[in-house]
Amino acid sequence: MFTALFGSVEQGIIYAIMALGVYITFRVLDFPDLTVDGSFVTGAATAATMITFGYDPLIATLCALLAGFVAGSITGILHTKAHINELLAGILMMIALYSINLRIMGLTTENAVGRPNIPLSSSDTVFTMLHDFWSTLGIDAMLNNLLTATGLTSLPRTWGVIIVMFIVVFIIKFMLDWFLKTEYGLALRATGDNVKMIRSFSANTDNVKIFALGLSNALVALSGALIAQLNKFADAGMGIGMIVIGLASVIIGEAIFGKKTIVRATLAVIFGAIIYRVVISLALQVEFLDTGDLKLITAVVVIIALVIPYAMNKYKEKKRRAKRRAQLMKEVTAMPEGEKPIA
Amino acid sequence: MLKLQHIHKIFNEGTPDEKVALNHINLTLEAGDFVTIIGSNGAGKSTMMNMISGALTPDVGTITINGKDVTNLPEYKRSKYIGRVFQDPMAGTAPTMTIQENLALAYSRNKSRGLRSGVSKARKEIFLAALESLNLNLENRLNAKVGLLSGGERQALSLLMATFTKPDILLLDEHTAALDPSRAALITSLTKELVEKDSLTTLMITHDMQQAIDLGNRLIMMDKGQIILEVSPEEKKNLTIEDLMNEFQRIRGEKMVSDRALLST
Ligand SMILES: Nc1ncnc2c1ncn2[C@@H]1O[C@H](COP(=O)(O)OP(=O)(O)O)[C@@H](O)[C@H]1O
Ligand SMILES: [Mg+2]
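Just so it is clear, the structure is predicted and the values come from calculations on it, not from any experiment. (Residues numbered from 1 in each chain as written. Chains lettered and ligands numbered in written order. Predicted model: local features only at pLDDT ≥ 70, side-chain atom pairs only at ≥ 80, totals over all residues. Heavy atoms only, no water.)

Draft legend 1. The overall build of chain A, seen in detail. From N to C terminus, chain A includes 13 helices and two strands. Reported as C-alpha extents along the three principal axes, the dimensions of chain A are approximately 100 × 60 × 40 Å. Buried positions account for 48% of the 343 residues belonging to chain A. Within chain A, contacts between residues at least 6 apart in sequence are counted, and of these 74% link residues at least 24 apart. Of the roughly 16,700 Å² that chain A leaves accessible, carbon and sulfur atoms contribute 68%. In chain A, 28 positive and 23 negative side-chain charges are present, and the distance between their average locations comes to 11 Å. (Helix = DSSP H or I, 4+ residues; strand = E, 2+ residues; numbered from the N terminus. Buried < 20%, exposed > 50% of the residue type's maximum accessible area, 1.4 Å probe, protein only. Contact = heavy atoms within 4.5 Å. Areas by Shrake-Rupley, 256 points an atom, 1.4 Å probe, with all protein chains shown as cover. Lys, Arg positive; Asp, Glu negative; His and termini not counted. Charge placed at Lys NZ, Arg CZ, Asp CG, Glu CD.)

Written out as C-alpha cells, the structure reads:
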C-alpha cells in the first residue's frame, strides 16, 4: 500500500510538469489546446530515440523539450496565421504528431519506417544517472531507517526521484511565476484575459500566443520524456487522454488549494497532479474496479472537483442569507409597537 | 498629425447585407486638435475610428500619422502611438489582473516587452502618482483585481491607461455612454484634464450634443458614411445645440432623427 502510494506520488510529480503546461494554455492563455496528447509522446519518443542512439540522457531530455516547443508553436501558427479554430488546430496537430512520433521512433530501426515503441530497460536514463549519484549520499538509508522506526515494513526503493523531481518541479514553478510577472508575461496573461485590449496596447498577440503554446508543449514534452525514462518505455499510445489528466490536475488543484494568485495557482496545479495520481491508485485498490475503469474514474473525479466548490459556495451563501434574515427579524421584533414595518 | 484621405469602406459587398459604412472621408487633424464627433447611429463614426486604429482596413484611401503612411500597418504596431478607450467599460482593461499590472501593460505600450519585471519598485511610484491624480482612491488598491472595480472606476482607469504614454493620437468612442450621469460627468472632466495636460491630439465620439459642444476645439457631424459638417475652432466657440439641429436640417433637408441625440438635449 505504502509503496503503491509512493509510486503514484513519484509519477504525479513528473506529471505535474505536464499539468503546468496545460495550465499555461487553458488557464493563462484561455486556449483549449489539444496538442498535448501528441506532444507528450513527442517528448517521450525524442528522448527514447536519442538515448537509444547513445546520446547523453540530459541532452536527449533537453531536445525533447525543444521538440515540444516546436510542436506547440506550429499549433499556434495554425491558429493565428492560418486562422484555424483553436480546438481544430490542436486536434490537427495532435493527429499529425501521432504519425510523426512513429517516424521519430522509427529512426532507431533499420527494418521499418515507423516504430510503435522503444524499451529503455537496459539504457542509461536521467534516472539511472540520478540513482548513481543519489546512492552515494546515503539519504535513502537514513529516511528508510526513520520509516522502519515507525513500524513500516515495505520501504521505497529510493527517495531520490521524489526529492530531486520535487526540486525540479518547484524550480519550474518559480520560473513560471517569475515569467508571468515580467513585461512579456503580463502581455501573455492579458492576451488570455482581453485580447482586444492588449492589442490596443501594442502587443503582437499572434506571437504571444505562438510562444505560449510553444512553452506549454515544451513542458508537456519534458514531462513525457521523463515519464518514458522513469517507466523505461516510450509508446506511441502513452499520450492518449493526457489532456484530460492535465485538466483534471488543474481543476482538482484549484478546487482544493484555490487560484487567487499565480503563485497559488501553480502550486495548486502541482498538488492537483499528485492528488490525481494518488486518487487513481487508491481507486484501483478497490476490489471490483479494473484498470479498464480508469477513464471512468477520471471523469468522476473531475466532476466531483468541479461540483464541490460550486456546492460549497452555494451552501455558504445560503448560510449567510439565513444569518442575515435572522438578524433582521431580531431587529424588527425589538422595535417598539407602531414602528414595525407592515408585514 | 493625422490625415485621412478619400476613405471608403463597404461591408459585405455584393451581398444583400451590403452596407456603405464610409463614403469618401477626408479629415485632417493638427497636433493638439481635440475634435468631437456626433452623428446618428450607423453613421460610420466607429468605423472611422477603427480605420485609424488599424482594427479595420479601408477599401480605398490612405491614412497618415505624423507624415507616415500607416494604411497597411497592423493594429498592434500602430497602437504604439494611438491610445483608445471603448464604450464598454469592460473593454479597456484586463479584469483578472491587478490595477498595477494593468498599468504596467499600459506603461509598456511604446517600449519593447522583455523579461524585466512588469511592476518594479520605480514603476510602482509612477503608477501611484498617476492613480492619485484620479482622486478615486485607487492608489490604495494597487493589488485589487480590475474586474472588481465599478464601471466608472474601470473607465477612469482605462482613460488613464490610454493616455499613460502620451500617445500621438487619442481615440474615444462614446466612452461615457455606458455610465450613469454622475459617473459620466466625472469621466468627462477627467478626459478634459488628461487631454489638456499633455495637449493630446484627440478624436471623441459622443451622442451627447452638449458634451460635443463643451469639449474640444473642433466638431464634426457624420451621417450615412460622410462628414456632413465641420465646425472650425472660431465657429465652435458660440455653437449651440439648436445651431447643430438647424444645420443638419439645412444639409439633409430632413429633421434630425437620432432619438439619442434628441434625448440628450
Ligand atoms: N463589421 C461589420 N460588418 C458589417 N457591417 C458593419 C460592421 N461594422 C459596422 N457595420 C455597419 O456599418 C455602419 C456604420 O457602423 P458604425 O461605424 O458602428 O456606426 P456608428 O456611427 O453608430 O458608430 C452600420 O450600418 C453598421 O451596421
Ligand atoms: Mg459606434
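Draft legend 2. Summary view of the packing of aromatic side chains. Under the definition given, this model contains 13 aromatic pairs over all chains. Relative to Phe 211 of chain A, the ring of Tyr 184 of chain A has its centre 5.5 Å away and its plane inclined at 85°; by these criteria the two rings are edge-to-face. Taken together, the residues Tyr 184 of chain A in helix H8 (residues 183–193) and Phe 211 of chain A in helix H10 (residues 205–231) connect sequence positions 27 residues apart. Phe 211 of chain A gets classed as partly exposed once you look at its relative accessible area, which sits at 27%. An aromatic cluster is defined as three or more aromatic residues linked by ring pairs; in this entry it consists of Phe 69, Phe 179, Tyr 184 and Phe 211 of chain A. Above the ring of Tyr 107 of chain B, the side-chain terminus of Lys 111 of chain B is found at 4.0 Å from the ring centroid. (Phe/Tyr/Trp six-rings, centres within 6.5 Å; stacked < 30°, edge-to-face > 60°. Lys NZ or Arg CZ within 6 Å of the ring centre and 35° of its normal.)

Draft legend 3. Spatial organisation of a nonpolar patch on the surface. The grouping of Leu 87, Leu 88, Ile 91, Leu 92 and Ile 95 of chain A at the surface amounts to a nonpolar patch, some 400 Å² of accessible area in total. Taking relative accessible area as the criterion, Leu 92 of chain A reaches 36% and is therefore assigned partly exposed. (Patch = residues over 30% accessible without salt bridge, like charges linked within 9 Å, V, L, I, M, F, W, Y side chains within 5 Å. Salt bridge = Lys/Arg side-chain N within 4 Å of Asp/Glu carboxyl O.)

Draft legend 4. Region of interest: the sheet that holds strand S10 (residues 226–231) of chain B. Residue and element names in this part refer to chain B. As summarised here, the arrangement of the six strands in space is S6-S7-S8-S3-S9-S10, forming an open sheet in which the pairing is mixed. Pairing within the sheet leaves two strands with one partner each, and these edge strands are strand S6 (82–85) and S10. Neighbour-to-neighbour, the strand axes of this sheet turn through a mean angle of 20°, independent of strand direction. Note that strand S3 (residues 34–39) and strand S9 (residues 218–223) share five bridges and pair parallel. Bridge pairing links Ile 38 to Met 221 in S9. In this fold helix H9 (residues 241–252) packs onto S3, S9 and S10, with an angle of close to 135° to the strand it touches most, S10. (Pairing = 2+ DSSP bridges. Axes fitted to C-alpha atoms, helices over the stretch in contact; angles between N-to-C directions.)

Draft legend 5. The side chain of Lys 209 of chain A, seen in detail. Residues and elements named next belong to chain A. Checked against the element boundaries, Lys 209 lands in helix H10. No salt bridge is formed by the buried Lys 209. Its closest oppositely charged neighbour is Glu 86, at 5.2 Å. Setting aside anything within four residues of it in sequence, one finds Lys 209 in contact with Leu 29, His 79, Thr 80, Thr 191 and Val 195.

Draft legend 6. Spatial organisation of the packing of helix H12 (residues 262–283) of chain A against helix H13 (residues 294–334) of chain A. Residues and elements named next belong to chain A. The contact between H12 and H13 brings their axes to 11 Å, and the two run at 130°. Considering the angle they form, H12 stands oblique to H13. The hand of the H12/H13 crossing is right-handed. Within the contact between the two elements, H12 uses Tyr 276, Val 279, Ile 280 and Ala 283 and H13 uses Leu 294, Ile 297, Thr 298 and Val 301. Looking at side-chain class alone, the contact of H12 with H13 contains seven nonpolar, one polar and no charged residues. (Parallel < 35°, antiparallel > 145°, perpendicular 65-115°, else oblique. Left-handed = near helix turned anticlockwise from the far one by under 90°. Nonpolar A, V, L, I, M, F, W, Y, C, P; charged D, E, K, R; others polar.)

Draft legend 7. Focus on the layout of surface pockets. Quantified by volume, the largest pocket comes out at close to 780 Å³. Along the wall of the largest pocket there are 27 residues; nearest its centre are Arg 189, Lys 259 and Lys 260 of chain A together with Thr 96 and Lys 145 of chain B. Only helix H1 (2–29), H8 and H12 of chain A together with helix H3 (99–107) of chain B provide two or more residues apiece to the lining of the largest pocket. Element by element, the count of residues in the lining of the largest pocket is highest for H8 of chain A, at four residues. Looking at the lining of the largest pocket residue by residue, the classes come out as nine nonpolar, eight polar and 10 charged. Approximately 670 Å³ is the volume found for the second largest pocket. (1 Å grid on protein atoms, 1.4 Å probe; cavity = no way out; pocket = protein on both sides within 12 Å on 5 of 7 lines; lining within 4 Å. Points joined across faces, edges and corners; volume = space filled by probe spheres on them.)

Draft legend 8. Geometry of the pairing of strand S7 (residues 169–173) of chain B. All names here are of chain B. Of all five residues that make up S7, five are buried, and the element is covered over most of its length. Examined bridge by bridge, S6 and S7 share four bridges and lie parallel to one another. Within S7, the residue paired with Arg 84 across the bridge is Leu 171. Pairing analysis gives five bridges linking S7 to strand S8 (residues 201–205), with the strands arranged parallel. Within the sheet, the bridge partner assigned to Ile 169 lies in S8 and is Thr 201. Running through helix H6 (residues 181–197), the crossover from S7 to the neighbouring parallel element S8 is right-handed. (Right-handed = clockwise from strand over helix to strand, strands pointing away.)

Draft legend 9. Spatial organisation of the interface of chain B and chain A. Counting residues at the interface gives 34 residues for chain B, matched by 22 residues for chain A. In total, about 2,300 Å² of surface goes out of reach between chain B and chain A, with carbon and sulfur atoms giving 56% of it. Its largest share of buried area at the contact with chain A, chain B owes to Tyr 76, Arg 113 and Leu 115 of chain B, together 28% of the area lost on that side. Arg 189 of chain A is paired through a salt bridge with Glu 101 of chain B; the nearest N and O atoms lie 2.9 Å apart. Remark: the boundary between chain B and chain A carries 18 residue pairs in polar contact (both at pLDDT 80 or more). At the level of secondary structure, the elements contributing two or more residues to the side of chain B that touches chain A comprise helix H2 (75–78), S6, H3 and helix H5 (151–163) of chain B. For the side of chain B that touches chain A, the element with the most residues is H3 of chain B, which contributes five residues. Looking at side-chain class alone, the side of chain B that touches chain A contains 15 nonpolar, 10 polar and nine charged residues. (Buried area = accessible area lost by both parts, 1.4 Å probe. Polar contact = N/O pair within 3.5 Å; in protein donor to acceptor, adjacent residues only side chain to side chain.)

Draft legend 10. View of the nonpolar core. Judged by nonpolar contacts, the single largest core of 79 residues is most densely connected at Ile 17, Met 18, Phe 40, Phe 127, Met 165, Leu 188 and Leu 226 of chain A. Counting contributing residues per domain, this core is built from domain 1 (2–285) and domain 2 (300–336) of chain A, each supplying no fewer than three. Counting residues in hydrophobic clusters, the runner-up holds 44 residues, among them Ile 198 of chain A together with Ala 130, Leu 142 and Leu 159 of chain B. (Core = buried A, V, L, I, M, F, W, Y, C linked by side-chain atoms within 4.5 Å. Domains from an automatic or database assignment.)

Draft legend 11. Here's a closer look at helix H1 (residues 45–53) of chain B. Residues and elements named next belong to chain B. The element H1 is extensively covered by neighbouring structure, given that seven of its nine residues are classed as buried. By the burial criterion, the buried members of H1 are Lys 45, Thr 47, Met 48, Met 49, Met 51, Ile 52 and Ser 53. Positive backbone phi, at 95°, marks Gly 54, one or two positions downstream of H1.

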